[in-house]
Amino acid sequence: MGRETASKNEVYVELLKKMGASNPHSGYLLRILQKMASVEDANLMLVLPAEPAVLSQKAGLSEQEVGQRLKVLEEKGFVITSKKGPRIPNSITQLHDANLASSAKWVDTELLDLWKEFYEVEWKPAMAQVTWDQYVQYVRTVPAWKAVKKSPDLPVAELPPEDNLRDLVRGADLIAVVPCTCRRSMRLCHADLENCVVFNRGAEYAIERGAGRRITVEEAMAIFERSEEQGLVHTWPFAASARLNEICNCCIDCCGIFDAGIKFNTLSAVLQKSHLKAKVDLDRCDGCQDCVERCYFSAIEMAGAPQGKKLKAAIDEEKCFGCGVCAVACPVDAITMKLAPKPTAQG
């Protein structure tokens, strides 16, 4: 029995190696795979990508049965459709996101606990290394649209395309919303769960496997603006796809990028700043400190104003990522956004 169990485990170990796991012998990841995929399924996934006839021959199954198995594995987030046919996730982050965005029928408390424990015990410590996962090696901050609208001196027409949330959404061929995978497993905040917005091929994949629902441009913008009111930061993992694929609405408690990035001081190496900066109208600022509490980046502190004894908000532009959450939170509209000055050429 011991040898048989070891042999079965090797199939899952090989699968994790193929997915790029830094520790393919992780007890947590092995239990997740064993829970969600049979040994036969794991052997089938090891052959991917391949034509149905090749899969049928190697698995000893009919093409119809292969198709049925792949469909279920796709629903679970273990198989991803691509131009070259079905494939397995190419990183543990992609596996995490696809699996935890799946339909509720595939996600139970045991699965959520396994992913949470994996993050806390193995994944988060690994995030101390900047190169912990190529899938999220480059993530961009997207400014809050409500902050842009509250900034009368900001020329919207001059915004770089990647900073114009409304135009990004309008330019998508297809939009869907899925559960936030980090929030779903970590369960550490009270922000909305269904607020991760996927676009184009990502939306098509979510809809066809029953993980997400199709939404309109107006519905997507409403989700983003509600997320901004909840103090969430928009992030776009732009390196994962040439086209807009996803915009997450991240909190500081559940999101690994922020949680680990702040703990290990690696955030600036993973997350790109927008081209905007926050600015404070000292005449309007009443010193409430709502902005200080909302800022993920410790970019705001209370300081003495040139006139008067009352402390006012002061922005450290070097630390500011241009997310706009502080502007949305300001009850007296003392904070607006401005285009950051372009860096001067050296030499």
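Residues numbered from 1 in each chain as written. Predicted model: local features only at pLDDT ≥ 70, side-chain atom pairs only at ≥ 80, totals over all residues. Heavy atoms only, no water.

Focus: the sheet that holds strand β7 (residues 271-272)
Selection rule: In this description, strands pair whenever DSSP reports at least two bridges between them. Here a helix means four or more residues in a row that DSSP labels H or I, a strand means two or more in a row labelled E, and each is numbered from the N terminus. Two residues form a contact once any of their heavy atoms are found within 4.5 Å. Axes, fitted as lines to C-alpha atoms, cover a helix only where it is in contact. Angles between the N-to-C directions of the axes lie from 0 to 180 degrees.
In space, the seven strands of this open sheet follow the order β4-β2-β3-β6-β5-β1-β7, with mixed pairing throughout. In this open sheet, the two edge strands, each paired with only one partner strand, are β4 (213-214) and β7. Pairing between strand β5 (residues 233-236) and strand β6 (residues 246-250): three bridges, direction antiparallel. Opposite Val 233, over in β6, you have Cys 250 as the bridge partner. Along the sheet, helix α11 (residues 200-208) contacts β2 (175-178), β3 (196-199) and β4; its crossing angle with β3, the most-contacted strand, is approximately 110 degrees.

Thoughts on empty space enclosed by the protein
For clarity, the cut-off: Using only the protein atoms, space was sampled on a 1 Å grid; points where a 1.4 Å probe fits but cannot get out form cavities, open sets with protein on both sides within 12 Å along at least five of seven lines form pockets, and lining residues are those with an atom within 4 Å of a point. Grid points are joined across faces, edges and corners, and a volume is the space filled by probe spheres set on the points. All amino acids are sorted into three groups, where Ala, Val, Leu, Ile, Met, Phe, Trp, Tyr, Cys and Pro are nonpolar, Asp, Glu, Lys and Arg are charged, and the leftover types, Gly among them, are polar.
Counted according to the given criterion, the structure contains three cavities of 30 Å³ or more. If you add up the space inside the largest cavity, you get close to 90 Å³. As for the largest cavity, its lining consists of 16 residues, of which Cys 295, Phe 297, Cys 320, Cys 323 and Cys 326 are closest to the centre. Here the residues of the lining of the largest cavity sort into 13 nonpolar, two polar and one charged.

Section: the packing of aromatic side chains
Spelled out, the test is: Pairing of aromatic rings covers Phe, Tyr and Trp, the last counted by its six-membered ring, and requires centre-to-centre distances within 6.5 Å; plane angles under 30 degrees mean stacked, over 60 mean edge-to-face, and any other angle means tilted. Placement of a positive charge over a ring is assigned whenever Lys NZ or Arg CZ falls within 6 Å of the ring centre and within 35 degrees of the normal to the ring plane.
Applying the stated criterion across every chain, the model contains eight aromatic pairs. Three or more aromatic residues joined by ring pairs form one cluster here, namely Phe 258, Tyr 296, Phe 297 and Phe 321. The ring centre of Phe 238 lies 4.0 Å from the NZ or CZ of Arg 140, which sits over that ring. The cationic tip of Lys 273 hangs over the ring face of Phe 321; the distance from NZ or CZ to the ring centre is 5.4 Å.

Notes on the packing of helix α6 (residues 92-100) against helix α7 (residues 109-126)
What counts, and what does not: Small angles under 35 degrees read as roughly parallel and large ones over 145 as roughly antiparallel, with 65 to 115 read as roughly perpendicular and the rest as oblique. With the far helix as reference, a near helix turned anticlockwise by less than a right angle produces a left-handed crossing, and one turned clockwise produces a right-handed crossing.
One can describe the packing of α6 onto α7 by two numbers: an axis separation of 11 Å at closest approach and a directional angle of 155 degrees. As the angle between them shows, α6 and α7 are arranged roughly antiparallel. At the point where α6 passes α7, the crossing takes the left-handed sense. Taken together, the residues of α7 that come into contact with α6 (itself represented by Ile 92, Thr 93, Leu 95, His 96, Asn 99 and Leu 100) are Leu 111, Leu 112, Trp 115, Phe 118 and Trp 123.

Thoughts on the nonpolar core
What tends to happen in soluble globular proteins is that the nonpolar side chains get buried as a cluster. Heads up, the rule is: Residues belong to a common nonpolar core when they are buried Ala, Val, Leu, Ile, Met, Phe, Trp, Tyr or Cys residues joined through side-chain atoms within 4.5 Å. Burial classification: accessible surface area is computed with a 1.4 Å probe over protein chains only, and a residue below 20% of its type maximum counts as buried, one above 50% as exposed, and the rest as partly exposed.
Ranked by internal contacts, the top residues of the largest apolar core, which has 109 residues, are Met 45, Ile 92, Trp 115, Phe 199, Phe 224, Phe 258 and Phe 297. In terms of residue count, the dominant contributor to this core is α7 (seven residues).

Observations concerning the pairing of strand β10 (residues 311-315)
Bridging between strand β9 (residues 300-304) and β10 involves five bridges; their strand directions are antiparallel. Across the sheet, Ile 300 pairs through a bridge with Ile 315, a residue of β10.

Some remarks on α7
Spelled out, the test is: Between the first and last residue of a helix there are one fewer steps than residues, each counted as 1.5 Å, and that sum is the expected span.
Over its 18 residues, α7 extends 24 Å from the first C-alpha to the last, a length consistent with the 26 Å expected when each residue adds 1.5 Å. Among the residues of α7, Leu 111, Leu 112, Leu 114, Trp 115, Lys 116, Phe 118, Tyr 119, Trp 123 and Lys 124 are the ones counted as buried. If you follow the buried residues of α7, they end up packed against α2 (27-36), α6, α10 (181-186) and α13 (256-263).

Observations regarding the side chain of Asn 249
Going by this rule: Under this definition, polar contacts are N or O atom pairs within 3.5 Å; protein pairs additionally need one hydrogen-donor-capable and one acceptor-capable atom, and for neighbouring residues in sequence, both atoms have to be side-chain atoms.
Among the structural elements, Asn 249 can be located in strand β6. A polar side-chain atom of Asn 249 sits 2.4 Å from the main-chain carbonyl oxygen of Asn 195. A polar side-chain atom of Asn 249 sits 2.6 Å from a polar atom in the side chain of His 234. Contact partners of Asn 249, with chain neighbours within four places excluded, come to Arg 183, Asn 195, Ile 223, Phe 224, Ser 227, Leu 232, Val 233 and His 234.

Points about the environment of Ala 37
Topologically, Ala 37 is positioned in the loop between α2 and α3 (39-47). The sequence separation of Ala 37 and Ile 262 amounts to 225 residues, and the corresponding C-alpha distance is 35 Å. Each residue touching Ala 37, except ones within four places of it in the same chain, is listed here: Tyr 12, Met 45 and Leu 73.

Remember, this is a structural readout, not a statement about activity or role.
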